[in-house]
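Now for the letters of each chain:
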Amino acid sequence: MGRSEETIAASAAAARTIKQRHVDLPVIFTLSHLAHLAGIAPATVRTYVTRARMPGPYRVFKLKKRPTPTSHAPFRSFRTICVPEPDLMRLQRWIAQNILATTTPHPASFAYAADRGVLKAAEQHCGCTWLVKMDIRSFFDSIGERQVYRVFRRLGYGMLLCFELARICTRPREEEPQKTGNLLGISGYQQPREGRLPQGAPTSPVLANLAMHKLDQRLSHFAIAQGWVYTRYADDLAFSTKDQSDRHKARQLIGQVKQALSDFGLAPNEAKTVIAPPGARRIVLGLQVDGHVPRLTRDFRNNLETHLYALTATHIGPENHRRARGFASLIGMRRHISGLLAYAHYIEPAYASQCYAQFNAVVWPF
């Protein structure tokens, strides 16, 4: 198209840099190029970077968190969910599917990866004698656009594009404004607040994993040096050992983890810090790990079996059980119990097959 040899050479060099990181990474030169690849108007994409629109391109609402066993707060806390508008959702999905899907998280990270998951994470701790569990407070909200920028830079993209990708994938929070500066000399990009990963965006889970890579390296080093196994599933940290240990060593490990989290701008949720010594129930991600393989907890089994008993008992039945449990509809209750059965089959197929036989015998009034 008549471009200079210098421009062509620079573009080719940029493309080689990206492909050297991963052959499946798409070559993207500019924000307009990204908009073209994603099939969205460049002007629309630029508004996401400049954050010129108020209110922002997210539908924001709150969901109640499950109460923790150690929590004594009179009110349940809430989780803020941010759902992108259709064009932004489409753009973020394109980024997630075409860029982030080519990346590999740290081996200790088990969330948001097709070949990993809850079961594999729990398997790492089976047969342990001591277990330490911790939780990162406000996980997604603690990861800012600077960390997201560094994730994209490690993939080989140009500085300006990485800044723009970080803006597209983050959302400013209303409280505690932070000056981000105008590092690129573009007046339209000047913003008073730094964006954070919004929980509900399709890019946030993988970006959070990748942003935690160096922390995972450091915590793995701590664990291996002291004979412990470390895993992270999103904001849930677990450390276990099959060796002899004691509460003092467990507390020392917790102190090291707290310091590492602080160095990365994170903080633990103290209410969810647990030390499980020999003889105590050892549960990781809702699964018992005191045996050779992960198992469903007794609480989970009791809940599922209570549902099945009520559904099949002639003096109770689906409708009475629905009212007693507060479900809005029979279809909603059926889907909920189907989900419990599917999870049980994922963890313990033999047990789940017995439960399915009971569930399939239920006479539904529709």
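Structure shown above.
Note that the structure is a prediction, hence the values are computed from the model and not measured.

Procedures and definitions
- Residues numbered from 1 in each chain as written.
- Predicted model: local features only at pLDDT ≥ 70, side-chain atom pairs only at ≥ 80, totals over all residues.
- Heavy atoms only, no water.
- Helix = DSSP H or I, 4+ residues; strand = E, 2+ residues; numbered from the N terminus.
- Contact = heavy atoms within 4.5 Å.
- Lys, Arg positive; Asp, Glu negative; His and termini not counted.
- Charge placed at Lys NZ, Arg CZ, Asp CG, Glu CD.
- Salt bridge = Lys/Arg side-chain N within 4 Å of Asp/Glu carboxyl O.
- Buried < 20%, exposed > 50% of the residue type's maximum accessible area, 1.4 Å probe, protein only.
- Phe/Tyr/Trp six-rings, centres within 6.5 Å; stacked < 30°, edge-to-face > 60°.
- Pairing = 2+ DSSP bridges.
- Axes fitted to C-alpha atoms, helices over the stretch in contact; angles between N-to-C directions.
- Parallel < 35°, antiparallel > 145°, perpendicular 65-115°, else oblique.
- Left-handed = near helix turned anticlockwise from the far one by under 90°.
- Nonpolar A, V, L, I, M, F, W, Y, C, P; charged D, E, K, R; others polar.

Some points on the overall build of the chain
Looking only at helices and strands, the chain features 14 helices and 11 strands. Summarising its shape, the C-alpha atoms of the chain cover approximately 80 × 55 × 40 Å along the three principal directions. In the chain, 67% of the contacts between residues at least 6 apart in sequence involve partners at least 24 apart. Of the side-chain charges in the chain, 49 are positive and 27 negative, and the distance between the mean point of each set is 3 Å.

Brief notes about the pattern of salt bridges
Under the defined criterion, the tally for this structure stands at 12 salt bridges. With its nearest N and O atoms 3.5 Å apart, the salt bridge here joins R146 to E194. With R146 in helix α6 (residues 145-154) and E194 in the loop between β4 (171-172) and β5 (195-196), this residue pair connects regions lying 48 residues apart in the sequence. Under the relative-accessibility criterion, E194 is labelled buried at 8%. E270 is the salt-bridge partner of K258, the closest N and O atoms lying 3.2 Å from each other. Of this pair, K258 sits in helix α10 (residues 247-263) while E270 sits in the loop between α10 and β8 (274-276), and the two are 12 residues apart along the sequence. If you follow the salt bridges from partner to partner, you end up with R51, E145 and R167 in one network.

Some thoughts on the side chain of D135
Examined against the element boundaries, D135 turns out to sit in strand β3 (residues 130-135). Here D135 is buried and forms no salt bridge, its nearest opposite-charge partner K272 lying at an N-O distance of 4.2 Å. If sequence neighbours within four positions are ignored, D135 has contacts with D235, D236, A267, P268, N269 and K272.

As for the packing of aromatic side chains
Considering all chains together, one arrives at six aromatic pairs under this definition. Ring plane angle 50 degrees and centroid distance 6.3 Å describe the contact between Y343 and Y346, whose orientation is recorded as tilted. Taken together, the residues span about one helical turn, with Y343 and Y346 both in helix α13 (residues 330-347) at a distance of three residues. Classification of Y343 by relative accessible area gives partly exposed; the value is 26%. An aromatic cluster is built from F300, Y343 and Y346, whose rings are joined through pairwise contacts.

Concerning the sheet that holds strand β9 (residues 283-284)
Within the open sheet, the three strands sit side by side as β9-β10-β11. Their pairing is antiparallel. Of all the strands in the sheet, the pair left with one neighbour each is β9 and β11 (295-296). Direction of pairing for β9 relative to strand β10 (residues 287-288): antiparallel, over a ladder of two bridges. When the sheet's bridge partners are listed, V284 is paired in β10 with L287.

Brief notes about the packing of α13 against helix α14 (residues 349-360)
Axis angle and axis distance: for two packed helices, these are the angle between their axes and the distance between the axes, and together they describe the pair. Running from amino to carboxyl end, α13 crosses α14 at an angle of 155 degrees, the nearest separation of the two axes being 6 Å. As the angle between them shows, α13 and α14 are arranged roughly antiparallel. Read as a crossing pair, α13 and α14 show a hand that is left-handed. Seen from α13, the contacting residues are R334, I337, S338, L341, A342, A344, H345 and I347; seen from α14, they are P349, A352, C355, Y356 and F359. In terms of residue class, the contact of α13 with α14 is built from 10 nonpolar, two polar and one charged.

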